[in-house]
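One-letter residues, chain by chain:
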Amino acid sequence: MRTIRAFILISAAALFGSAAIADTYEATLEPGVVYNMAAFKLWHSPDVERIRGILMLNPGSNGDGRGMVDDAYWQDFANKHDLALMGTYFTDHRHVNMMIEDYIKVGEGSGQALIDAIDQFATDSGHQELSYAPFLLWGHSAGGELNHEIAAWIPERVIAYVVNQGGYYYSSVPPEATRQTPGLYFVGLSDLVSRNSIIKGIFTTNRRAGALWTYVEEKGVSHEVVGSRDLALVFYEEVMAKRLPDNAMGYKALLPVTEEMGIKGNIINHEIVVEGNSEVKQEDTSWLISARFANAWQALVTKERAK
């Protein structure tokens, strides 16, 4: 049986005798079949009464994302929506080609490691609702790959997710429930052709089958985070407004979304598709959940950047 080593960092308020609950927790699991390291850090505001969801922050290949929970950018967003932040740190066992990550295979143990750590955080923090909290998934490069695989593995627990410039995906044709989960797929047009081709291929193949996904090409962007983070926050807010009612708690309370709830954007000319226009193929469109998000999407995909 795997063991979890959990460490609680007591907040300054607690050190000085306040009754406030410590707001930062860490957990490390023993190595598994597809990972050598599995370590996690969770942060939440000490003022939050009930945590409505977990915004999971997944870094690039074999990277340590635990420090991302200390970023004021993410903390402000989490405070606004009563979310916890969870940073992940996965590494592979040494193998022949380390740029193809084994730990992305969430169904072979790394996914369960995430769940085990969350359950431990629920106990340590006194916020038992963490054990059934739904996820927002952010990640860049391998972090985006991990998000796609989590959404394919347990789509019922995912509010919305981001795929951002990754190169290797094990679930190119995910379950229907994943196609009905809002996903945001980014490529940088100055990134590797191989990365861009696989992301666009996954998007178009599944969009043709009705996936409620959005495709974003960033001009002048290589393998880096430029506009994707800001657009992701708009995306998360608009999806939560339709999927997570104010009084809802837990992933079982998530509401479904449908094609008809959104707007279509043409991924070729970046125009909003006029309703009823049957000349535009489904796979050439992005699903845009609201007018606000549609405007933000259009502004980003048409933005010119200096080379």
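Residues numbered from 1 in each chain as written. Predicted model: local features only at pLDDT ≥ 70, side-chain atom pairs only at ≥ 80, totals over all residues. Heavy atoms only, no water.

Any chance you could explain the side chain of Ser286 here in plain terms?
Relative to the elements of secondary structure, Ser286 occurs in strand S11 (residues 285–288). Owing to a relative accessible area of 0%, Ser286 belongs among the buried residues under this scheme. Side-chain polar atoms of Ser286 contact the backbone nitrogen of Tyr215, separated by 2.8 Å. The residues touching Ser286, leaving out its near neighbours within four places in the chain, are Phe203, Arg207, Trp213, Thr214, Tyr215, Ile263, Lys264, Gly265, Ile267 and Trp297. (Helix = DSSP H or I, 4+ residues; strand = E, 2+ residues; numbered from the N terminus. Buried < 20%, exposed > 50% of the residue type's maximum accessible area, 1.4 Å probe, protein only. Polar contact = N/O pair within 3.5 Å; in protein donor to acceptor, adjacent residues only side chain to side chain. Contact = heavy atoms within 4.5 Å.)

Quick question: what am I supposed to make of empty space enclosed by the protein here?
The rolling of a water-molecule-sized probe over the atoms marks out the regions of remaining empty space. One pass over the full model with this rule turns up 1 cavity of 30 Å³ or more. Looking at the largest cavity, its volume works out to about 50 Å³. Asn58, Pro59, Gly60, Gly63, Thr88, Tyr89, Phe90, Tyr103, Ala142, Gly143 and Leu146 are the residues that line the largest cavity. Among the residues forming the lining of the largest cavity, the class breakdown is 6 nonpolar, 5 polar and no charged. (1 Å grid on protein atoms, 1.4 Å probe; cavity = no way out; pocket = protein on both sides within 12 Å on 5 of 7 lines; lining within 4 Å. Points joined across faces, edges and corners; volume = space filled by probe spheres on them. Nonpolar A, V, L, I, M, F, W, Y, C, P; charged D, E, K, R; others polar.)

Hey, could you run me through the nonpolar core in this one?
If you look at soluble globular proteins, the nonpolar side chains tend to sit buried side by side. Counting 47 residues, the largest nonpolar core has Phe40, Met86, Phe90, Phe121, Leu130 and Ile150 as its most contacted members. Beyond its immediate sequence surroundings of up to four residues, Phe90 is in contact with Tyr35, Met37, Ala38, Phe40, Asn62, Gly63, Tyr103, Ser110, Ala113, Leu114 and Leu146. One finds Val162, Leu244, Ala248 and Val257 within the second-largest nonpolar core, a separate group that totals 38 residues. (Core = buried A, V, L, I, M, F, W, Y, C linked by side-chain atoms within 4.5 Å.)

Quick question: what am I supposed to make of helix H2 (residues 72–81) here?
Side chains that are three or four residues apart share a direction in an α-helix, a result of its 3.6 residues per turn. Among the residues of H2, those classed as buried are Trp74, Gln75, Phe77, Ala78 and His81. Seen end-on, H2 carries its buried residues on one side only, within an arc spanning 165 degrees. In H2, the exposed residues that point more than 90 degrees away from the buried face are Asp76 and Lys80. Looking at the buried positions of H2, the neighbouring elements they touch are strand S3 (37–43), strand S4 (53–58), strand S5 (83–91), strand S6 (135–139) and helix H7 (228–243). Its side-chain oxygen at 2.8 Å from the backbone nitrogen of Tyr73, Asp71 defines the N-terminal cap of H2. Immediately downstream of H2, the backbone of Asp82 shows phi near 55 degrees, a positive value. (Arc of directions from axis to C-beta.)

What am I meant to see in the pairing of S3 here?
Note on strand geometry: in a regular strand, side chains alternate between the two faces of the sheet. S3 sits mainly inside the fold: 6 of its 7 residues count as buried. Here strand S2 (residues 24–29) pairs with S3 via 6 bridges, running antiparallel. Residue Glu26 lies in a different strand from S3, and its bridge partner there is Lys41. Two elements, S3 and S5, share 7 bridges in a ladder whose sense is antiparallel. Within S5, the residue paired with Ala38 across the bridge is Phe90. (Pairing = 2+ DSSP bridges.)

Honestly, the packing of aromatic side chains in this entry has me stumped. Any pointers?
Aromatic rings in a pair are described by how distant their centres are and how their planes are angled relative to each other. For the structure on display, the rule yields 13 aromatic pairs. For the ring pair Tyr161 and Trp213, a centre distance of 6.4 Å and an interplane angle of 85 degrees mean the geometry is edge-to-face. Here the residue Tyr161 occupies a position in strand S7 (residues 158–164), and Trp213 occupies one in strand S9 (residues 213–218), the gap between them amounting to 52 residues. For Trp213, a relative accessible area of 0% puts it in the buried group. (Phe/Tyr/Trp six-rings, centres within 6.5 Å; stacked < 30°, edge-to-face > 60°.)

Could you clarify how one ought to interpret the confidence of the model for the protein chain in this entry?
The predicted coordinates should not be examined in detail at positions where pLDDT is low. In this model, the protein chain carries an average pLDDT of 91, and 92% of its residues clear a pLDDT of 70 or more. Predicted confidence is poor over residues 1–22, with pLDDT under 50, and the contacts of this stretch with residues over four places away or in other chains come to 45 contacts. (pLDDT = per-residue confidence, 0-100.)

Can you help me understand unusual backbone geometry in this one?
Excluding glycine, a negative phi dihedral is what most residues carry, and trans is how most peptide bonds are arranged. A positive phi angle, close to 60 degrees, is found at Ser141, a residue other than glycine. Under the relative-accessibility criterion, Ser141 is labelled buried at 12%. Within the chain, Gln165 stands out as a residue other than glycine whose phi angle is a positive 65 degrees. Among the structural elements, Gln165 can be located in the loop between S7 and helix H5 (176–179).

Which parts of the structure should I look at to understand the layout of surface pockets?
The calculated volume of the largest pocket comes to roughly 310 Å³. Around the largest pocket, the lining residues are Glu259, Glu260, Gly262, Ile263, Lys264, Val273, Val274, Glu275, Gly276, Asn277, Val280 and Trp287. Residue composition of the lining of the largest pocket, by class: 5 nonpolar, 3 polar and 4 charged. Of the voids in this model, the second largest pocket is the one considered here, and its volume is about 190 Å³. Residue lining of the second largest pocket: Ser61, Met99, Glu101, Ser141, Ala142, Glu145, Gly167, Tyr168, Leu192, Ser194, Arg195 and His223, and that is the complete set. Contributing elements (two or more residues each) for the lining of the second largest pocket: helix H4 (142–153) and helix H6 (193–208). Of the residues belonging to the lining of the second largest pocket, the class tally is 4 nonpolar, 5 polar and 3 charged.

Help me understand H7 in this model?
Here H7 is 16 residues long and its end C-alpha atoms lie 22 Å apart, about the 22 Å a rise of 1.5 Å per residue gives. Across the 16 residues that make up H7, a large majority, 12, are buried. Taken as a whole, H7 has its buried residues at Ser228, Leu231, Ala232, Leu233, Val234, Phe235, Tyr236, Glu237, Glu238, Val239, Met240 and Arg243. (Expected span 1.5 Å × (residues − 1).)

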